[in-house]
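# Breakdown of the fold
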Amino acid sequence: MTTLVVGASGATGRLLVEQLRNRGQKVKVIVRSSDKLPEALKSNDNLTVICASVLELSDVEISQHVNGCRAVASCLGHNLSLKGIYGQPRRIVTDATRRLCNAIPCQGIDFTSLND
Ligand SMILES: NC(=O)c1ccc[n+]([C@@H]2O[C@H](COP(=O)([O-])OP(=O)(O)OC[C@H]3O[C@@H](n4cnc5c(N)ncnc54)[C@H](OP(=O)(O)O)[C@@H]3O)[C@@H](O)[C@H]2O)c1
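Since we're looking at a predicted model, the values are computed, not measured.

Rules behind the numbers
Residues numbered from 1 in each chain as written. Predicted model: local features only at pLDDT ≥ 70, side-chain atom pairs only at ≥ 80, totals over all residues. Heavy atoms only, no water. Core = buried A, V, L, I, M, F, W, Y, C linked by side-chain atoms within 4.5 Å. Buried < 20%, exposed > 50% of the residue type's maximum accessible area, 1.4 Å probe, protein only. Helix = DSSP H or I, 4+ residues; strand = E, 2+ residues; numbered from the N terminus. Contact = heavy atoms within 4.5 Å. 1 Å grid on protein atoms, 1.4 Å probe; cavity = no way out; pocket = protein on both sides within 12 Å on 5 of 7 lines; lining within 4 Å. Points joined across faces, edges and corners; volume = space filled by probe spheres on them. Nonpolar A, V, L, I, M, F, W, Y, C, P; charged D, E, K, R; others polar. Expected span 1.5 Å × (residues − 1). Salt bridge = Lys/Arg side-chain N within 4 Å of Asp/Glu carboxyl O. Near = heavy atom within 4 Å. Polar contact = N/O pair within 3.5 Å; in protein donor to acceptor, adjacent residues only side chain to side chain. Areas by Shrake-Rupley, 256 points an atom, 1.4 Å probe, with all protein chains shown as cover. Sits in = over half its atoms within 2 Å of the grid points.

### Some words on the nonpolar core
Core analysis: the biggest nonpolar cluster contains 19 residues, and Leu-4, Ile-30, Val-54, Val-66, Val-72 and Leu-100 have the highest contact counts within it. At the level of elements, β1 (2–6), α3 (59–66) and α5 (92–103) are the ones that each hand at least two residues to this core. For this core, the element with the highest residue contribution is α5, accounting for five residues. Residues in contact with Val-54, not counting those within four places in the same chain, are Val-6, Ile-30, Ile-62, Leu-76, Ile-92, Ala-96 and Arg-99. In this structure, Ala-8, Leu-20, Val-27 and Leu-37 belong to the second largest nonpolar core, which totals 11 residues.

### Here we look at the layout of surface pockets
Estimates place the volume of the largest pocket at around 800 Å³. Within the residue set of the lining of the largest pocket, elements represented by two or more residues are α1 (11–22), β2 (26–31) and α4 (82–86). Per-element accounting of the lining of the largest pocket gives the leading share, four residues, to α1. Class assignment for the residues of the lining of the largest pocket results in 14 nonpolar, 13 polar and six charged.

### Remarks on α5
Given a rise of 1.5 Å per residue, 12 residues ought to cover 16 Å, and the 16 Å separating the end C-alpha atoms of α5 matches this to within 8%. Along α5, the residues classified as buried are Ile-92, Val-93, Ala-96, Thr-97, Arg-99, Leu-100 and Ala-103.

### Comments concerning the pattern of salt bridges
Counted according to the given criterion, the structure contains five salt bridges. For Arg-70, the salt bridge identified is with Asp-110, shortest N-O distance 3.1 Å. Here Arg-70, found in the loop between α3 and β4 (71–74), pairs with Asp-110, found in strand β5 (residues 110–113); they are 40 residues apart in sequence, far enough to count as distant. Taking relative accessible area as the criterion, Arg-70 reaches 35% and is therefore assigned partly exposed.

### What about the site of the ligand?
Every one of the 16 residues lining the ligand counts as a neighbour, but Ser-9, Ala-11, Thr-12, Lys-36 and Leu-114 are closest to it. Between an oxygen atom of the ligand and a main-chain N or O atom of Gly-7, the distance comes to 3.3 Å. Contact distances for the ligand include 2.6 Å between an oxygen atom and a side-chain N or O atom of Ser-9. In isolation the ligand exposes 920 Å². Once the protein is present, 66% of that is buried. The pocket occupied by the ligand, as judged from atoms lying within 2 Å of grid points, is the largest pocket. Its residues assigned to classes, the shell around the ligand comprises six nonpolar, eight polar and two charged.

Here it is in structure tokens:
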């Protein structure tokens, strides 16, 4: 089973990735930078790191990343800084959730968001 995690560089996302890996699952993450991911994790064969800003991916690219996953988890949230809260994008959670859900086929993939 492969799970796609967005927001994997954040406090919650890192914990989720670690727990999925501890269960022996394959994980695909989309992160703006892999710098915040632990070195041990980055070198793990069962982890695929895609360096991109999720809202800047095309619909086709998002579909390609969702393809082959059994679940998608969004741990995105506004960074707790003036820029993160008041700057662009203003609707990171809503827009990313909508785009990910649109990329998910009707059946077969679970979606969860911290901001349900
Ligand atoms: N429902 C619940 O019980 C519950 C519990 C905990 C948290 N939450 C919510 O979950 C969210 C995440 O919490 P957290 O503590 O893990 O936050 P965090 O540590 O600040 O992580 C935020 C994540 O979102 C990413 N992100 C922020 N702005 C982005 C952008 N413009 N484009 C792409 N990625 C962006 C960050 O990426 P970078 O590393 O690249 O900045 C990081 O991976 C928050 O909204 C929080 O309120 C809900």
